[in-house]
Amino acid sequence: MERLKNALEAADAVIIGAGAGLSTSAGFVYDGERFHQNFSNFETKYGFHDMYSGGFYPYSTPEEFWAY
């Protein structure tokens, strides 16, 4: 722990690589009210029910993906 502490104190920057698990562990929710408020049109058109699934949906065009 001392070596890690010293390395962190001496570093100019620290880069953390994290996926969806980090935001989920912090309490971020991918469905529910936030999803319905902001993405209900996508739910209606494409049939997915959470923000996470929308990022992996096989859209027909790149424009649809980027619109999401």
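Calculation criteria
Residues numbered from 1 in each chain as written. Predicted model: local features only at pLDDT ≥ 70, side-chain atom pairs only at ≥ 80, totals over all residues. Heavy atoms only, no water. Phe/Tyr/Trp six-rings, centres within 6.5 Å; stacked < 30°, edge-to-face > 60°. Buried < 20%, exposed > 50% of the residue type's maximum accessible area, 1.4 Å probe, protein only. Helix = DSSP H or I, 4+ residues; strand = E, 2+ residues; numbered from the N terminus. Polar contact = N/O pair within 3.5 Å; in protein donor to acceptor, adjacent residues only side chain to side chain. Contact = heavy atoms within 4.5 Å. Salt bridge = Lys/Arg side-chain N within 4 Å of Asp/Glu carboxyl O.

Draft legend 1. Layout of the packing of aromatic side chains. One pass over the structure, following the stated rule, counts 18 aromatic pairs. Between Y46 and F48, the ring centres sit 6.2 Å apart and the planes meet at 5 degrees, which makes this aromatic pair stacked. Exposure remark for Y46: the relative accessible area of 15% places this residue in the buried category. The exposure class of F48 is buried, given its relative accessible area of 6%. Judged by centre distance (5.1 Å) and plane angle (75 degrees), the rings of F65 and W66 are edge-to-face. Of the residues examined, F65 reaches a relative accessible area of 32% and is grouped as partly exposed. For W66, a relative accessible area of 68% corresponds to the exposed category.

Draft legend 2. Representation of the side chain of E64. Structurally, E64 can be placed in helix α5 (residues 62-67). For E64, a relative accessible area of 18% puts it in the buried group. Engagement of the side chain of E64 in a polar contact is seen with the side chain of Y46, the distance being 2.6 Å. Dropping the residues within four chain positions of it, E64 is found in contact with F42, K45, Y46 and Y59.

Draft legend 3. The pattern of salt bridges, seen in detail. As enumerated under the stated definition, the model contains two salt bridges in all. Of the charged contacts, one joins K5 and E9 as a salt bridge, the two residues approaching to 3.2 Å between their closest N and O atoms. Note that K5 and E9 are positioned in helix α1 (residues 2-10) at a spacing of four residues, about one turn of the helix. Residue class for K5 comes out partly exposed when judged on its relative accessible area of 41%.

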